[in-house]
Amino acid sequence: MTDSPNTVQAERARSRIAMAWDSDVAHSFRRSPVALISAAVTLLLILSAVFAPLIAPHDPFNPATLNLMNGFTPPGQANMFTGETFLLGTDDQGRDVFSTILYGLRISLFVGFAAVAFALILGVTLGLIAGYVGGWIDTVIMRIADVQLTFPAILVAMLIFGIAKGITPPEYRNEVAIWVLIIAIGLSDWVQFARVVRGATLVEKSKEYVQAARLIGRSPFAIMMRHILPNVLSPVLVIATISLALAIIAEATLSFLGVGAPPTEPSLGTLIRIGQGFLFSGEWWILFFPAGVLLALALAVNLLGDWLRDALNPRLR
Amino acid sequence: MLSYILRRVLQSVLVLLVVGLVAFAMFRFVGDPIDTMLGQERTMEDIERLRESLGLNKPFFIQYWDFLVRAVQGDLGISYRQGRPVAEIIAERLPATLELAAVSGAFALLFGIVFGIFTAIRRDGFAANAIMTLSLLGVSLPTFLIGILLIYVFAVELSWLPSFGRGEVVDLGGWSTGFLTKSGLIALILPSITLGLYQMTLIMRLVRSEMLEVMRQDYIRFARARGLKDRTIHFRHALKNTLVPVITVTGLQLGSIIAFAIITETVFQWPGVGLLFINAIQFVDIPVMAAYLMLISVMFVAINLVVDLLYVAIDPRLRIDGKTS
């Protein structure tokens, strides 16, 4: 009659998957066409960014493969000098627009995810500490949050980018630009996480399981990480998804304004910045394809975040 | 009541002091002013003398205080890039930004309220649903893409409207205005729509949901029972009560309009302070960056304060216990 530990574990694992499949969230996901389509679009874009070196027909950053004669080839048409055809055309330097979009998507998504991860870790940590420890630490953290919230996030990100640019010596500026961008966007976005986690922590702190954990002498660190954190994660997940859309747009905006990704590592925003220069001369594809991809990405992640917020918050249903 | 106002004013002063500290730290620690001001051929005595005359050998907080005093007196340093006083450059550029912000704000408020009422009254109509769906798209479109799209349609394809600049401006004693010439007014159209569109959708959604909320109240039902005309109910009775939160949100959005003007000004090459700020970041012109930061914080803090006080003045319920959330 005794189950071997392996079968018990397998049984548990299976039931966990089954539980996840039967859960309310998964159910509403399967029922919502908007969620399904936006998840599919997001996944497709993430996968094409990850596998960009395999998918892209050209390496846009290898000068050896570039032919200036290929410049300004319209999409789907053969170039009048070289006879080569490009799915989405080429830019002024003869780079394949489809390939630059794939690599640009890589940078946009990398900056977006990294910035949100940074904001999440910073915000959740400070929120937990502010909520659990309280006292003057709480006051200081939340006052800083208040001051920062007075200003739009994009302005804060611009300012941090500007200061960081001033601190780094000119010869390294292009190299560190991506990391500066991540820190700038991350620092401009932690407040949301901190506020929500602090609020949730204050609620959880007074509950009996936390008192019990405190009574058996667990350290404050263990209580915050092992007991409170798992219970405040669902709003964090929603904010993270919505933040991802905002971070992608923020990155694109900064790069478009010329205070973001450097020309050597163009993100979607940089590509749109380059493309805007050719709007009046009729080369619309250099601008419109990267813009379309950015729009699809931002919209899909945004809708996914909206759906997640509604699905995790039963009161709204 | 009085203690609430006092607390809010104190908070605002605190925010400004913190921002001033950030701006001062930028001046002091980002880029060495001595390096920038003295050329290659300098002696230790030169450096010492300049340090002495700039007050850089004083304690940190004394320097900070001197900086604040100078800033309040309008001395914001000298632009590294243009070699002119920053205050002068900003005074030159400010009218362009303020005119753009004012027109965008008016556009957002007017159309936001009109569309909001319309979508609330004709809740299930086709036009109302179309507007709501479009507004969803408007919220997720980044500002700079809206601008580019408008340029493409109205400047490139249709060539109806100019795609950059302010057109002709008239100088009214130091204030250059685009309101008085035809080309100046035409040049305002695309940038204002670009800048105001997001705020418009926001106000529209707010008015709509507030209106729907108010329409469920008993006094509206009573007004209907009295046999009042729909028009009277909607505009005389319902609208008045939806406007309280609209005022707050509009006020707070005024700040973001000024901040987001940076993006619009870059897209349309609009010669305002936002474009100045972006160029300052690109060329690491620290005094201009710091001055812009302080200017915009004074505006933000003032707007927030006025909105908060206005809110208490408008909504009598908040005056009873003298507290707001």
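Residues numbered from 1 in each chain as written. Chains lettered and ligands numbered in written order. Predicted model: local features only at pLDDT ≥ 70, side-chain atom pairs only at ≥ 80, totals over all residues. Heavy atoms only, no water.

> Even after reading the chapter, I still don't get the overall build of chain A, so can you show me in this structure?
In terms of regular secondary structure, chain A is built from 14 helices and zero strands. Along its sequence from the N terminus, chain A presents helices and strands in the succession α-α-α-α-α-α-α-α-α-α-α-α-α-α. In chain A, buried positions account for 47% of the 317 residues. By sequence separation, contacts in chain A at least 24 residues apart represent 69% of the contacts at least 6 residues apart. Only carbon and sulfur atoms are counted for the fraction: they give 67% of the accessible area of chain A, which is about 15,900 Å². (Helix = DSSP H or I, 4+ residues; strand = E, 2+ residues; numbered from the N terminus. Buried < 20%, exposed > 50% of the residue type's maximum accessible area, 1.4 Å probe, protein only. Contact = heavy atoms within 4.5 Å. Areas by Shrake-Rupley, 256 points an atom, 1.4 Å probe, with all protein chains shown as cover.)

> Would you take a moment to explain the overall build of chain B for this structure?
For chain B, the count of helices and strands is 13 helices and two strands. Referenced to the eigenvectors of the C-alpha coordinate spread, the extents of chain B come out at roughly 90 × 60 × 35 Å. Across the 325 residues that make up chain B, the buried fraction comes to 47%. Nonlocal contacts in chain B, meaning residues at least 24 apart in sequence, comprise 69% of its contacts between residues at least 6 apart. Of the roughly 17,000 Å² of accessible surface on chain B, 65% is carried by carbon and sulfur atoms.

> What should I look at first to understand the packing of helix α5 (residues 86–121) of chain B against helix α11 (residues 273–282) of chain B in this one?
Helix-helix packing is described using two parameters, namely the angle between the two axes and the distance between the axes. Residue and element names in this part refer to chain B. As a packed pair, α5 and α11 sit with axes 7 Å apart at the nearest point and diverge in direction by 125°. Here α5 lies oblique to α11, going by the angle between them. Here I89, I90, R93, L94 and T97 of α5 lie close against α11, whose contacting residues are V273, G274, L275 and L276. Grouping the amino acids of the contact of α5 with α11 by side-chain chemistry returns six nonpolar, two polar and one charged. (Axes fitted to C-alpha atoms, helices over the stretch in contact; angles between N-to-C directions. Parallel < 35°, antiparallel > 145°, perpendicular 65-115°, else oblique. Nonpolar A, V, L, I, M, F, W, Y, C, P; charged D, E, K, R; others polar.)

> It is not clear to me how the side chain of S12 of chain B should be interpreted in this structure. Could you clarify?
Residues and elements named next belong to chain B. With respect to the element layout, S12 can be found in helix α1 (residues 2–29). Overall, the relative accessible area of 7% leaves S12 in the buried class. Contact partners of S12, with chain neighbours within four places excluded, come to V301 and L305.

> Sorry if this is basic, but what is going on with the interface of chain A and chain B here?
How large an interface is tends to be reported as the accessible area lost when its parts come together. Counting from both sides, the interface comprises 37 residues of chain A and, opposite them, 37 residues of chain B. Across the interface of chain A and chain B, roughly 3,300 Å² is buried in total on both sides, 85% from carbon and sulfur atoms. Of all residues in chain A, F151, L159 and L257 of chain A bury the most surface against chain B, accounting for 16% of the area lost on that side. At the junction of chain A and chain B, the tally comes to zero salt bridges. Counting across the interface, chain A meets chain B through two residue pairs in polar contact (both at pLDDT 80 or more). Mapped onto the side of chain A that touches chain B, the elements with two or more residues apiece are α7 (153–167), α12 (233–256), α13 (268–276) and α14 (285–312) of chain A. For the side of chain A that touches chain B, the element with the most residues is α7 of chain A, which contributes 10 residues. (Buried area = accessible area lost by both parts, 1.4 Å probe. Salt bridge = Lys/Arg side-chain N within 4 Å of Asp/Glu carboxyl O. Polar contact = N/O pair within 3.5 Å; in protein donor to acceptor, adjacent residues only side chain to side chain.)

> What exactly am I supposed to notice about the pattern of salt bridges here?
Pairing is possible between side chains of opposite charge, provided their charged atoms come close. Residues and elements named next belong to chain A. Under the definition given, this model contains 10 salt bridges over all chains. Here D138 makes a salt bridge to R198, at a shortest N to O gap of 2.7 Å. Residue D138 is located in helix α6 (residues 135–149), and its partner R198 is located in helix α9 (residues 190–205); the two are separated by 60 residues in the primary sequence. By relative accessible area, which is 13% here, D138 ends up buried. With a relative accessible area of 22%, R198 lands in the partly exposed category. We note a salt bridge from R309 to D306, for which the minimum N-O separation is 3.4 Å. With a gap of three residues between them, R309 and D306 both fall in helix α14, about one helical turn apart. Residue class for D306 comes out partly exposed when judged on its relative accessible area of 25%. Among the charged side chains, a network of salt bridges with common partners joins R143, D146 and R195.

> Explanation requested: the packing of aromatic side chains in the structure shown.
In the structure shown here, the tally under the stated rule is 10 aromatic pairs over all chains. Seen from their ring centres, F110 of chain A and W179 of chain A are 5.7 Å apart, and the 85° between their planes marks the pair as edge-to-face. Of this pair, F110 of chain A sits in helix α5 (residues 97–133) while W179 of chain A sits in helix α8 (residues 173–187), placing them 69 residues apart in sequence. You can call F110 of chain A partly exposed: its relative accessible area is 41%. Chaining the aromatic ring pairs together yields one cluster made of F24, Y64 and F67 of chain B. (Phe/Tyr/Trp six-rings, centres within 6.5 Å; stacked < 30°, edge-to-face > 60°.)

> I would appreciate a short explanation of the environment of T242 of chain B in the present structure.
All names here are of chain B. Here T242 is to be found in helix α10 (residues 230–267). T242 sits in the buried class, given a relative accessible area of 0%. Sequence-wise, T242 and M215 are 27 residues apart; in three dimensions their C-alpha atoms are separated by 9.9 Å. What T242 contacts, discounting residues up to four positions off in sequence, is E210, M211 and V214.

> Whenever I open this one, the nonpolar core confuses me. Can you help?
Considering soluble globular proteins, one finds that nonpolar side chains tend to be buried as a cluster. Core analysis: the largest hydrophobic core is formed by 129 residues, its most contacted members being M158 and I272 of chain A together with F144 and F277 of chain B. If we skip the residues at most four places from it in the chain, F277 of chain B touches L155, M158 and L159 of chain A together with I262, M289 and Y292 of chain B. (Core = buried A, V, L, I, M, F, W, Y, C linked by side-chain atoms within 4.5 Å.)

> Which parts of the structure should I look at to understand a nonpolar patch on the surface?
Residue and element names in this part refer to chain A. A cluster of nonpolar residues, L43, L47, V50, F51, L54 and I55, forms a patch on the protein surface that exposes about 590 Å² of accessible area. Elements supplying a minimum of two residues to the nonpolar patch: α3 (33–50) and α4 (52–55). It is α3 that provides the largest number of residues to the nonpolar patch, a total of three residues. (Patch = residues over 30% accessible without salt bridge, like charges linked within 9 Å, V, L, I, M, F, W, Y side chains within 5 Å.)

> Looking at this structure, I do not really get the confidence of the model for chain A. What am I missing?
Taken over all residues, the pLDDT of chain A has a mean of 82, while the share at 70 or more is 85%. Least confident of the elements in chain A is helix α1 (residues 5–22) of chain A, whose mean pLDDT is 66; most confident is α5 of chain A, at 91. (pLDDT = per-residue confidence, 0-100.)

> Please clarify how the confidence of the model for chain B should be interpreted in this entry.
In low-pLDDT regions, the fine details of the predicted coordinates are not to be read closely. A residue-level look at chain B finds 91% of positions with pLDDT of 70 or above and a mean pLDDT of 80. Scored as a complex, the prediction yields pTM 0.82 and ipTM 0.78.

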